[in-house]
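The residues making up each chain are set out below.
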Amino acid sequence: MVSRVIPVDVFDLVIFGATGDLARRKILPGLYRRYLAGQMPGESRIIGAARSDMSDKAFREQVRVAIAEFVPKARQDAEAIEKFLGRISYVPIDATGTGGWTALKKMMRDNVVRAFYFSVAPSLFGDIAERLHDHGIADAWSRIVVEKPFGRDLASARALNEVLARHFTETQIYRIDHYLGKETVQNLMAVRFANILFEPLWKSEYIDHVQITVAETVGVNGRGAYYDKSGAMRDMVQNHMMQLLCLIAMEPPYHFDPDAVRDEKLKVIRALDPVAPEDIVRGQYLPGQGEGGYLEHSENPASRTESYIALKVQVSNWRWKGTPFYLRTGKRLRARASEIAITFREPPHSIFDDAKGWRENVLVIRLQPNEGMNLMVMIKEPGPGGMRLMQVPLDMAFADALGADAEDVPDAYERLIMDVIRGNQTLFMRGDEVEAAWAWTDPIIAAWEAQGNRPQSYDAGSSGPEDALMLMHRDGRRWREIRE
Ligand code: NAP
């Protein structure tokens, strides 16, 4: 099956920070792939902007290199690349200065979608928003896209929201969380709300617990100074993992409509209990496998920032009371694997004498690598010899299901940028959601800072600190193995 391409309107997309890492690795190669898919209609254009003084030609060469590096070889079509580059121009602009804005204004056209991607440090969001407004570059239909991190606590997130709200309405602001652009994450909503099968079981009566894991093998090398001010709680839990938790725990929205979906997610965040200190394990990776440990990478030998965190979280409402959500994320772990596992309860009564092979049903949603879903079910072990049970996966790898190889499944950034052009905010975080997530996160961080909590060490290439195992064991449960 070839995936359907939904047409979008003609657009002008201005990328601030067009020479940066994110633009080079994700945004520009992603746009090329959308061009190939026929989603850059008519005279749609991309305008790069950053301080570096360079010509259109020089910037196009940078984009050409980025495509060569980050687009699979099989999708690199020389003729298409030339045509795509022909849609690209560049304007040198300092977000905090005066030069370049008039030139950008002259490039704007009427009757096309105007989108402005702020792929720069959040400290520049306010400067850019103000100048876009003051120079009349953004109109009432323009959209702005802002990158993470959206604040580092409630106060800074509020301040950012206020700065943007001075010049743009909430319907114009697209706060990116690229996890929401993943095929599997959207499929989670389809599985829950387009099937009758799961919804009757989707509650604490039938679900024992939920595990959300985001494991990385890489450390923070190169980003140590930035990461040391953030840590796993701010970098992963407050945003990506919180969003995943919301999609699992939310009530069915009345319609697949941006505010209906986001209203339901917000209710989940507001229903989160505070987390007790004994329900949190923080860790830092040790040197090993030929690389330095966190303390060397962070460049602060006394750092107490966590590169790993595990928490037991409770959503306090009728649906979820009594079903804990266990979250864990970390760097330098044994494998790169992100998944959600929903473990169902035991059947109320077993009719089989020999229940030795019996295991719980588990719905596993894999986010990376190999996006897909697995439903672990019990069957009879084949062959004679009586009724013995075994667990098998009902496997749905998306690449197989789509009949495409994995390279054809659009990257999260590609989808999300096209949603911006379509004006669909469903997969973007609303300002009140972000603030509610920080309101839950702040006291947790404040508590360990007040206690002088030190993260536990864990071996590089392991599953994380010992105490994280205990977090589950003491409840009579265990983490799923981290594997690709
Ligand atoms: P980066 O590599 O440091 O690039 C920053 C970009 O901003 C460069 O193009 C830089 O170009 C431009 N810039 C800096 N100061 C400027 C100014 N005063 N006026 C105009 N342009 C300016 O950063 P990045 O990794 O691409 O990240 C960009 C944003 O995305 C950040 O908010 C980051 O947190 C977020 N993000 C990045 C990633 C990632 O994987 N890289 C992932 C998630 C979120 P000049 O120096 O030429 O001006």
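Treat the numbers as computed from the prediction; the structure is a model and nothing was measured. Going along each chain's sequence as written, the residues are numbered from 1 onward. Local features in a predicted model are, by the rule used here, given only for residues with pLDDT of at least 70; side-chain atom pairs are given and counted only at 80 or more, and totals for whole chains, interfaces and linings are based on all residues. As a rule here, side-chain values cover all heavy atoms of the structure and leave hydrogens and water aside.

A separate point is helix α1 (residues 21-36). Going along the chain from the N terminus, every DSSP run of H or I of four or more residues is numbered as a helix, and every run of E of two or more is numbered as a strand. A helix's residues, less one, multiplied by 1.5 Å, set its expected span. Across its 16 residues, α1 extends 22 Å between first and last C-alpha, which sits within 8% of the 22 Å expected from 1.5 Å per residue. Roughly 30° is the biggest bend found in α1, and it falls at I27, with proline P29 one to four residues downstream. For α1, the complete set of buried residues consists of L22, A23, I27, L28, P29, G30, L31, Y32, R33, R34 and Y35. Residues of α1 that are buried sit in contact with β1 (11-16), β2 (45-50), α2 (56-70), α3 (78-85), β4 (113-118) and α13 (412-422). The quantity called bend is, for any residue, the angle between two axes fitted respectively to the seven residues ending at it and the seven beginning at it. Each residue gets one of three labels from its accessible area relative to the maximum for its type: buried under 20%, exposed over 50%, partly exposed in between, using a 1.4 Å probe on protein chains only. Two residues form a contact once any of their heavy atoms are found within 4.5 Å.

Around the ligand, a shell composed of 22 residues is seen, among which T19, D21, R25, S52 and V120 lie nearest. Pairing of N or O atoms within 3.5 Å defines a polar contact, subject to two protein rules: one partner must be a possible hydrogen donor and the other a possible acceptor, and residues neighboring in sequence count only if both atoms are side-chain atoms. For the ligand, an oxygen atom lies 2.8 Å from a polar atom in the side chain of R51. Between the ligand and V120, the relevant distance is 2.7 Å, taken from an oxygen atom to a main-chain nitrogen or oxygen of the residue. Taking 890 Å² as the accessible area of the ligand by itself, protein coverage stands at 73%. At three residues, the largest contribution of residues to the shell around the ligand is made by α1. One heavy atom within 4 Å of a molecule or strand makes the whole residue count as near it. Residue-level accessible areas treat just the shown protein chains as cover; the underlying method is Shrake-Rupley with a 1.4 Å probe.

Let us look at the sheet that holds strand β11 (residues 337-344). A strand pair is defined by DSSP finding two or more bridges across the two strands. Pairing is mixed in the open sheet, where nine strands are placed in the order β14-β13-β12-β11-β7-β10-β9-β8-β15. If you trace the sheet from one side to the other, it starts and ends with β14 (389-397) and β15 (456-458), each paired once. The sheet shows a mean angle of 20° between the axes of neighbouring strands, taken without regard to direction. Relative to strand β12 (residues 362-368), β11 runs antiparallel, the two sharing six bridges. Each residue of the ladder has a partner; that of A341, found in β12, is V364. Each of β7 (207-215), β8 (280-285), β9 (308-313), β10 (325-330) and β15 is contacted by helix α15 (residues 466-473), which is oriented at about 15° to β9, the strand it contacts most. Note on definitions: angles span 0 to 180 degrees between N-to-C directions of axes, and those axes are lines fitted to C-alpha atoms, for helices only across the stretch in contact.

Let's shift gears to the packing of helix α6 (residues 154-165) against helix α14 (residues 431-451). The geometry of α6 relative to α14 is characterised by a closest axis approach of 8 Å and an angle of 165° between their N-to-C directions. Judged by the angle between their axes, α6 and α14 are roughly antiparallel. With respect to the hand of their crossing, α6 and α14 are arranged in left-handed fashion. The residues of α14 that touch α6, namely those facing L154, A157, R158 and N161, are G431, V434, E435, W438, A439 and D442. Three residue categories are used. Nonpolar comprises Ala, Val, Leu, Ile, Met, Phe, Trp, Tyr, Cys and Pro, charged comprises Asp, Glu, Lys and Arg, and polar comprises the others, including Gly. Here the residues of the contact of α6 with α14 are counted per class, giving five nonpolar, two polar and three charged. Our angle categories are set so that under 35 degrees counts as roughly parallel, over 145 as roughly antiparallel, 65 to 115 as roughly perpendicular, and the remainder as oblique. Working rule for handedness: look at the near helix, and if it is turned counterclockwise from the far one by less than a right angle, call the crossing left-handed; if clockwise, right-handed.

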